[in-house]
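# Residue-level structural notes
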Amino acid sequence: MNNDLKYMQRALELAQLAETNDEVPVGAVIVVNDQIIGEGWNQPISSNDPTAHAEIIALRNAGNKIGNYRLVDATMYVTLEPCAMCAGAIIHARLAKLVYAIADPKTGACGSVFNLLAVDELNHKVEIEKGIMEDECRSLIQGFFKEKRNKV
């Protein structure tokens, strides 16, 4: 559990970086053997790239670091439940485990709207753990959207 907190804290720091760049505050960290091999934060607005979610960026960084697109023994820590695009990428990367802080009842594809990571017809399943640092991550994202609404 200590490592879960440590890595989710790093994901939260990355989410805060996204927020400072006026992006939806989501951060992701990928870990193998107690070492961070990939990090990412949301950047679709600043990069004009709809695929530049925190999870995708972290997966790209991890793959480049280890020289392989398969991240078989890896765990991803992310502040918000992944969407369908990111869940699909997690499956294709063959991650062992996903740990996320808060559920996304609108677009969550790892248990909220549906669970792509547990579809029987797919050849890979990913272990899921949720709720690590839930309060802190929820506070960040709710504050971000509250500020956006107040500016309108």
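Since we're looking at a predicted model, the values are computed, not measured.

Right, let's talk about the overall build of the protein chain for a bit. The helix and strand tally for the protein chain stands at five helices and five strands. Radius of gyration (C-alpha) of the protein chain: 14 Å, near the 15 Å computed for a compact globule of 152 residues. For the protein chain, the C-alpha atoms occupy an extent of roughly 45 × 35 × 30 Å along the three principal directions. Counting across all 152 residues of the protein chain, residues that qualify as buried make up 45%. If you take every contact in the protein chain between residues at least 6 apart in sequence, the share linking residues at least 24 apart comes to 56%. Counting 15 positive and 20 negative side-chain charges, the protein chain places the centres of these two groups 3 Å from one another.

Right, let's talk about the sheet that holds strand E4 (residues 97-102) for a bit. Think of a sheet as strands paired side by side through backbone hydrogen bonds, with each pair either parallel or antiparallel. Reading across the sheet, the five strands line up as E2-E1-E3-E4-E5 and stay open at both edges, with mixed pairing between neighbours. Single-partner strands in this sheet number two, and they are strand E2 (35-41) and strand E5 (127-130). Averaged over neighbouring strand pairs, the angle between their axes works out to 15° when direction is ignored. The pairing of E4 with E5 spans four bridges and is parallel. What sits directly across from Lys 97, in E5, is Glu 127. Packed onto the sheet, helix H1 (residues 2-20) meets strand E1 (27-32), E2, strand E3 (75-80), E4 and E5 and runs at close to 145° relative to E1. Packing of helix H3 (residues 54-66) onto the sheet brings it into contact with E1, E2 and E3, and relative to E2 it is tilted by some 145°.

About the criteria used
Residues numbered from 1 in each chain as written. Predicted model: local features only at pLDDT ≥ 70, side-chain atom pairs only at ≥ 80, totals over all residues. Heavy atoms only, no water. Helix = DSSP H or I, 4+ residues; strand = E, 2+ residues; numbered from the N terminus. Rg over C-alpha atoms; globule rule 2.2 N^0.38 Å. Buried < 20%, exposed > 50% of the residue type's maximum accessible area, 1.4 Å probe, protein only. Contact = heavy atoms within 4.5 Å. Lys, Arg positive; Asp, Glu negative; His and termini not counted. Charge placed at Lys NZ, Arg CZ, Asp CG, Glu CD. Pairing = 2+ DSSP bridges. Axes fitted to C-alpha atoms, helices over the stretch in contact; angles between N-to-C directions.

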